[in-house]
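Residue-level structural notes
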Amino acid sequence: MKTASIILAAGQGIRMRSKLPKVLHPLLGKPLISRVLLAVKDITELKPVIVIGHGAEAVRQAVGDEAQFVLQAEQLGTGHAVSVAQEVLEGRADLVLVTFSDMPLLRQETLAKLVQMQKDSHAPLTMTSIVGDVPRGFGRVLRNAAGGICAIVEEADASPEQLAINEYNVSAYCFEAGWLWSALPRIPISAKGEYYLTELVNIAVQDGHEVQALVLDDPSEGLGINNRVHLAEAESILRERVNTALMLSGVTLIDPEATYIEESVLLGQDTVVWPNTCLQGSTKIGADCVIGPNTIIRNTQVGDRCVLLASDMESAVIEDDVSVGPFCRLRKGAHLAKGVHMGNFGEVKDSYLGPGVKIGHFSYIGNAEIGPNVNIGAGTITCNYDGENKNLTEIGENAFIGSDTMLVAPVKIGKGACTGAGSVVTEDVDDDTLVVGAPARVVRKLEKRD
Ligand code: UD1
Ligand code: CA
């Protein structure tokens with residue numbers, strides 16, 4: 001049996017009050033539409049079909065070729081939106097899973113269960129519902145005395161007694177494809193002038209079918225996003241899912257509600273994360289680290305036993321036993337080898353800092369190759385940019401760079417060399433040599449440093 005999927009995403013999302021189409025608003029780092037797409041992609045055989053309308057181009061671009069698109073030029077309701085997808089799917093699928101782009105909390109397992117229920121059912125469709133106290137514009141599920149589903153009534157059309165019903169229509173459905181295409185033209189027009197998808201439940205019931213609902217164990221999965229209050233609620237629910245899984249896997253989160261970790265991030269056992277920390281993208285952190293407070297890490301690899309305090313890092317590599325911060329910035333291409341110590345106010349970009357390098361205070365290191373156990377004094381700057389090119393600074397092992405040294409690249413400092421405080425180094429320095437001044441000149445050869 002082939003299952004296709006349709007994701008409705010043509011609505012404007014007026015209640016978001018945003019220039020950005022609703023479905024492109026990010027939730028824990030990923031646009032709503034991408035989350036829905038991820039949930040359906042692996043449980044259906046055909047490429048998902050996204051119905052676009054408002055912001056069509058932006059949505060198409062953001063999603064790329066993960067989906068195929070159909071345009072609903074005029075938004076005439078959720079039932080009409082599904083009918084727009086008919087031309088690309090008719091005859092190609094046995095089952096059609098329909099879900100909305102503004103419901104990013106639905107789990108893949110739940111949708112898989114819905115598809116399975118429909119496979120096992122004699123009715124032409126299976127729907128989903130939640131039971132609870134969720135006052136936010138949901139259609140109500142009407143059942144008869146025997147508990148069978150009779151109809152769905154939209155909140156706007158519901159009587160006071162119907163409004164008191166606490167079973168809500170989530171709006172994820174699985175249809176038998178042939179029935180779906182034949183029933184769509186039977187949807188009546190609503191008082192608002194729209195064709196509601198919910199009417200298909202009513203049509204199936206009228207035709208004598210026993211429609212089943214998958215009642216979700218976790219009602220939070222059914223929450224749709226209509227405004228930014230819902231968006232923040234959803235963010236907090238997702239955050240809780242991710243953080244709970246991390247804590248159960250052996251990571252300590254001092255204050256999970258103030259810790260922002262995307263689900264793509266990996267953390268090792270006994271690592272402790274302090275509040276106001278954001279861990280994003282492909283970041284991978286080892287065991288026994290202490291991260292934060294106030295640390296932002298994106299797409300960065302971190303080894304074991306590192307201490308990263310109040311710093312910002314992106315696309316960096318940090319080996320074991322490194323300490324960074326407070327107030328440091330590691331930019332792309334920063335590679336700190338085992339045991340590097342970076343104190344306060346340092347910036348590193350496109351540079352390798354060898355094992356045991358110390359850089360305690362106020363420095364900028366860009367486009368540099370630094371050997372093992374080099375000491376970088378306070379205020380050291382690699383003058384890497386001459387206005388046109390980025391130039392390389394090389395520093396040999398055990399060198400000692402005095403406070404406030406300017407290393408005017410391209411320049412090489414030899415192994416065990418020393419620069420005096422305030423030196424402006426414009427020429428290469430030999431191994432085991434002391435230079436001072438501006439521009440720096442040789443003073444004498446040194447005893448070997450190690
Ligand atoms: C819908 C359901 C309601 C359910 C609720 C759950 C209908 C009529 N109502 O109401 O029973 O409880 O979801 O969240 O289905 N869209 C289009 N084209 C259109 C209209 C809408 O693509 O012409 C898309 C929107 O972009 C959105 C989704 O369909 O992703 C739902 O539309 P929305 O207006 O938010 O429906 P609700 O009022 O939430
Ligand atoms: Ca909605």
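Up top is the structure.
In this report, we go over the structure that sits alongside the text. Every value quoted in this text rests on a predicted model; they were computed, and no experiment measured them.

**Here's the deal with the sheet that holds strand 24 (residues 317-318)**
If you trace the 9 strands from one edge of the open sheet to the other, you get 15-18-21-24-27-29-31-34-37, paired in parallel fashion. Single-partner strands in this sheet number two, and they are strand 15 (266-267) and strand 37 (411-413).

**Details of the environment of alanine 112**
As for its position among the elements, alanine 112 is in helix 5 (residues 108-119). Each C-alpha atom, one on alanine 112 and one on aspartate 42, is 9.3 Å from the other, the two residues being 70 residues apart in sequence.

**Comments concerning the site of ligand 1**
The environment of ligand 1 is made up of 22 residues, and the closest members are Gln72, Thr78, Gly139, Glu154 and Asn169. Within the backbone of leucine 8, an N or O atom sits 3.0 Å from an oxygen atom of ligand 1. Between ligand 1 and alanine 10 there is a distance of 2.9 Å, counted from an oxygen atom to a backbone nitrogen or oxygen. Here ligand 1 loses 87% of its free accessible area of 760 Å² to cover by the protein chains.

**Here's the deal with the coordination of the calcium ion (ligand 2)**
Coordination angles at a metal have ideal targets, namely 109.5 degrees for four tetrahedral donors and 90 or 180 degrees for six octahedral donors. At 2.5 to 2.7 Å from the calcium ion (ligand 2) lie its protein donor atoms, namely Asp102 (OD) and Asn226 (OD1). A residue pair is termed long-range when its members are at least 10 positions apart, and aspartate 102 in the loop between strand 6 (95-100) and helix 5 and asparagine 226 in the loop between strand 12 (212-215) and helix 9 (228-248) qualify at 124 residues. No difference in accessibility class separates aspartate 102 from asparagine 226, as the two residues are buried.

**Looking at the pairing of strand 9 (residues 149-153)**
When you tally the buried positions in strand 9, you get 4 out of 5 residues, the bulk of the element. Connecting strand 8 (residues 140-143) to the next strand, strand 9, in antiparallel fashion are 5 residues, including glycine 147 with a positive phi near 90 degrees.

**Remarks on the side chain of asparagine 202**
Here asparagine 202 lies in helix 8 (residues 199-206). Using a relative accessible area of 9% as the deciding quantity, one classes asparagine 202 as buried. Those residues in contact with asparagine 202 that lie beyond four places of it in its chain are Cys150, Ala151 and Ile152.

The rules behind the values
Residues numbered from 1 in each chain as written. Chains lettered and ligands numbered in written order. Predicted model: local features only at pLDDT ≥ 70, side-chain atom pairs only at ≥ 80, totals over all residues. Heavy atoms only, no water. Pairing = 2+ DSSP bridges. Helix = DSSP H or I, 4+ residues; strand = E, 2+ residues; numbered from the N terminus. Near = heavy atom within 4 Å. Polar contact = N/O pair within 3.5 Å; in protein donor to acceptor, adjacent residues only side chain to side chain. Areas by Shrake-Rupley, 256 points an atom, 1.4 Å probe, with all protein chains shown as cover. Donors = N, O, S within 2.8 Å, 3.2 Å for Na, K, Ca; no water. Buried < 20%, exposed > 50% of the residue type's maximum accessible area, 1.4 Å probe, protein only. Contact = heavy atoms within 4.5 Å.

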